[in-house]
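Notes for the structure review
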Amino acid sequence: MSRLSRHLLRRLLPWLLVAATVHLLAVWALPRVIMWRLSAMATPQERASVFLPPMTDHTQRRVVMPSPDLLYATCALDLAERPMRIRVDLRTPGYSSVALYAANSDNYFVLNDRQAGDAPVDLVLIGPKAYAQAPAIPPGARTVTAPSNKGLLLMRVLVADYGAQKDVVEAARRTLRCEPL
Amino acid sequence: MGRLLWWLAAVALGLGSAWAVLRSVSHYGAAAGPWRASTLAGSPDADLYTRARVALGGLLALHREETMYFVATTDTAGRPLRARCSYHVTGVPPKARWWSVTAYADDLFLFPNEQRRYSVNGKTAALDAQGRFAFVSGPVAPAAPAALPWIPTPGEGGLYFTLRVYNPEAALSAAPGTLTAPVIELLGGCP
């Protein structure tokens, strides 16, 4: 190898290493930043309770590719200090579900109306690290361990005709409760 | 100064190449006609790139046993979809509990329209005698084919169609490429 080649290699290798590291870091960080931004966009009131956005239309600009056929409800999840209890009634006339998303945007849990069967859903979400005091799981509740403390719950309720179904679908999403245990 | 620029160029290359890879649709999973679906969207098994791509173009997706998302950015002939063009979309309902086709502008949000027509779905689509659904998209209501649902797509930018398939049959979930792909045809000329 000539002296010139060695010199170029010595200069180029660290440069390429920096470019590759930045590339990988950017790809890794992007979903986390987008999820964090989504959470930051919520008002303190939205973060503290269940958020019930209006029926999706073109004025909804918070999350890309919103479905205009679904009515949504969301809860911000924070499991750092203690678990959260999620209760919801998915006995809806059409499709409905609750889905849990980790801080990196992974959908680590979903339960739809058919899977829920003929009973209200009762979940206890536990963070990835053990708590100082073991949580008391309410009888009948299903335990779900989250991969991250922060995250998001998204409830979907299929709406064929909002005008005609408003009472039923609004009542369905208003059954959602997200509370610290 | 020169040294700083040298390292900034490396950072720019890293960021630029990440953006270019993530915006590339060609890596987006299984294909059925002009429709593409990621088999790992929403899944904890998603690789680094899939997760980032989904966060950019379909945040809060469900995993494929629950819902599959097929995205079309071209018509069946391979021409890029344009909001200012009119398209005739026909297909058979996917084998699933429920489905919808929604039109999105190139910012990935719904097209503004007073009629609030954004999608055609398993509840609203009328099927013909062969069991096929059909609709038209475009900037103005079509003169023909008559009586088809119309999704307005005002503007000059790009157009995406997203086919959502809720609770797909196991065979479709296992092999998204087996979808009987809805046909997207350019209707008339397009300036």
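Refer to the structure presented above.
Notes on the structure follow. Owing to the predicted nature of the structure, the values given are computational and were not obtained by experimental measurement.

1. Examining the environment of Asp122 of chain A
Residue and element names in this part refer to chain A. When you line up the elements, Asp122 lands in strand S5 (residues 121-126). As a C-alpha pair, Asp122 and Phe109 span 13 residues in sequence and 14 Å in three-dimensional space. When residues no more than four places from it in sequence are discounted, the contact partners of Asp122 are Arg85, Ile86, Arg87, Gly140, Ala141 and Arg142. Here the side chain of Asp122 touches Arg85 through a polar contact of 2.7 Å, side chain to side chain.

2. Considerations on the nonpolar core
Residue and element names in this part refer to chain A. Tyr108, Leu153, Met155 and Leu176 are the most contacted members of the largest nonpolar core, which has 33 residues in total. Looking at this core, the elements that each hand over two or more residues are strand S1 (70-78), strand S2 (84-88), strand S3 (96-102), strand S4 (107-112), S5 and strand S7 (150-158). Apart from the residues within four sequence positions on either side, Leu153 is in contact with Ala73, Thr74, Cys75, Leu77, Ile86, Val98, Ala99, Leu100, Leu176 and Cys178.

3. Here's the deal with the interface of chain A and chain B
Accessible area lost when the parts come together is the quantity often used to give the size of an interface. With 51 residues of chain A at the interface, the matching set in chain B holds 53 residues. Across the interface of chain A and chain B, roughly 4,700 Å² is buried in total on both sides, 67% from carbon and sulfur atoms. Together, Trp15, His58 and Met65 of chain A form the three largest contributors to the area buried by chain A at its contact with chain B, with a combined 17%. Between chain A and chain B we count 21 residue pairs in polar contact (both at pLDDT 80 or more) in total. Going through the elements one at a time, helix H1 (3-41), S3, S4, helix H3 (113-116) and S7 of chain A are the ones with two or more residues in the side of chain A that touches chain B. In terms of residue count, H1 of chain A provides more of the side of chain A that touches chain B than any other element does, 17 residues in total. Its residues placed into classes, the side of chain A that touches chain B shows 30 nonpolar, 12 polar and nine charged.

4. Overview of the packing of H1 of chain A against helix H1 (residues 2-23) of chain B
Running from N to C, H1 of chain A and H1 of chain B cross one another at 40°; their axes reach a closest spacing of 8 Å. The angle between the axes of H1 of chain A and H1 of chain B places the two elements in the oblique class. Here H1 of chain A runs over H1 of chain B; the crossing is right-handed. For the pair formed by H1 of chain A and H1 of chain B, the contact residues are Arg11, Leu12, Pro14, Trp15, Val18, Ala19, Val22, His23, Ala26, Val27 and Leu30 of chain A on the first element and Trp6, Trp7, Ala9, Ala10, Val11, Leu13, Gly14, Leu15, Ser17, Ala18, Val21 and Leu22 of chain B on the second. Looking at side-chain class alone, the contact of H1 of chain A with H1 of chain B contains 19 nonpolar, three polar and one charged residues.

5. A closer look at the pattern of salt bridges
If charged atoms from side chains of opposite charge come close, those side chains can pair. Under the criterion given, the structure shown has 13 salt bridges over all chains. As a salt-bridge pair, Asp106 of chain A and Arg51 of chain B come within 2.7 Å of each other at their nearest N and O atoms. Of the two residues, Asp106 of chain A sits in the loop between S3 and S4 while Arg51 of chain B sits in helix H2 (residues 48-57), which places them in two different chains. Connected through shared salt-bridge partners, Asp89, Arg91 and Asp118 of chain A make up one network.

6. Description of the environment of Val64 of chain A
By the element assignment, Val64 of chain A lies in the loop between helix H2 (44-48) and S1. Looking at Val64 of chain A, the relative accessible area reads 17%, which means it is buried. With 86 residues separating them along the chain, Val64 of chain A and Lys150 of chain A place their C-alpha atoms 21 Å apart. With near-sequence residues (within four places) excluded, Val64 of chain A lies in contact with Leu56, Gly57, Gly58, Leu59, Asp107, Leu108 and Phe109 of chain B.

7. Points about the side chain of Glu170 of chain A
Summarising the element assignment, Glu170 of chain A is placed in helix H4 (residues 162-173). Each residue touching Glu170 of chain A, except ones within four places of it in the same chain, is listed here: Leu71 and Tyr162 of chain A.

8. Re the packing of aromatic side chains
What the rule picks out here adds up to five aromatic pairs over all chains. Centre to centre, the rings of Trp15 of chain A and Trp6 of chain B are 5.4 Å apart; their planes meet at 40°, and the pair counts as tilted. One end of the pair, Trp15 of chain A, is in helix H1; the other, Trp6 of chain B, is in helix H1, on a second chain. Note on Trp15 of chain A: relative accessible area 13%, which makes it buried. Residues Tyr95 of chain A and Tyr166 of chain B carry aromatic rings whose centres are separated by 4.8 Å and whose planes lie at 70° to one another, so their mutual orientation is edge-to-face. Here Tyr95 of chain A, found in the loop between S2 and S3, pairs with Tyr166 of chain B, found in strand S9 (residues 159-168), and the two come from separate chains.

9. A word on the side chain of Arg51 of chain B
Residue Arg51 of chain B is classed as buried on the basis of its relative accessible area of 12%. Beyond its immediate sequence surroundings of up to four residues, Arg51 of chain B is in contact with Pro31, Asn104, Ser105 and Asp106 of chain A together with Ser43, Pro44 and Ala46 of chain B.

10. Re the state of the cysteines
Residue and element names in this part refer to chain A. This model, assessed by the stated rule, comprises two disulfides over all chains. Each sulfur of the disulfide joining Cys75 and Cys178 lies 1.9 Å from the other. Torsion about the S-S bond of the Cys75 and Cys178 cystine: about 75°, corresponding to right-handed handedness. Pair noted here: Cys75 is in strand S1 and Cys178 is in strand S8 (residues 177-180), with a separation of 103 residues, a long-range link.

11. Re a nonpolar patch on the surface
Residue and element names in this part refer to chain B. On the surface, Met1, Leu4, Leu5 and Leu8 cluster together to form a nonpolar patch covering roughly 460 Å² of accessible area. Counting through the fold element by element, Leu4 comes out in helix H1. On the basis of relative accessibility, which here comes to 51%, the residue Leu4 falls in the exposed class.

12. Quick look at the sheet that holds S8 of chain A
Two pairing modes exist for strands in a sheet, parallel and antiparallel, and in both the strands are linked by backbone hydrogen bonds. All names here are of chain A. With respect to topology, four strands assemble into an open sheet ordered S6-S5-S2-S8, the strand pairing being mixed. Where the open sheet ends on each side, the last strands, each with one partner, are strand S6 (142-145) and S8. Each strand of the sheet is rotated relative to its neighbour by a mean of 25°, with strand direction disregarded. Note: S5 against S6, four bridges, orientation parallel. In the strand pairing of S6, Leu125 is matched with Val144.

Conventions we followed
- Residues numbered from 1 in each chain as written.
- Chains lettered and ligands numbered in written order.
- Predicted model: local features only at pLDDT ≥ 70, side-chain atom pairs only at ≥ 80, totals over all residues.
- Heavy atoms only, no water.
- Helix = DSSP H or I, 4+ residues; strand = E, 2+ residues; numbered from the N terminus.
- Contact = heavy atoms within 4.5 Å.
- Polar contact = N/O pair within 3.5 Å; in protein donor to acceptor, adjacent residues only side chain to side chain.
- Core = buried A, V, L, I, M, F, W, Y, C linked by side-chain atoms within 4.5 Å.
- Buried < 20%, exposed > 50% of the residue type's maximum accessible area, 1.4 Å probe, protein only.
- Buried area = accessible area lost by both parts, 1.4 Å probe.
- Nonpolar A, V, L, I, M, F, W, Y, C, P; charged D, E, K, R; others polar.
- Axes fitted to C-alpha atoms, helices over the stretch in contact; angles between N-to-C directions.
- Parallel < 35°, antiparallel > 145°, perpendicular 65-115°, else oblique.
- Left-handed = near helix turned anticlockwise from the far one by under 90°.
- Salt bridge = Lys/Arg side-chain N within 4 Å of Asp/Glu carboxyl O.
- Phe/Tyr/Trp six-rings, centres within 6.5 Å; stacked < 30°, edge-to-face > 60°.
- Disulfide = S-S within 2.5 Å.
- Patch = residues over 30% accessible without salt bridge, like charges linked within 9 Å, V, L, I, M, F, W, Y side chains within 5 Å.
- Areas by Shrake-Rupley, 256 points an atom, 1.4 Å probe, with all protein chains shown as cover.
- Pairing = 2+ DSSP bridges.

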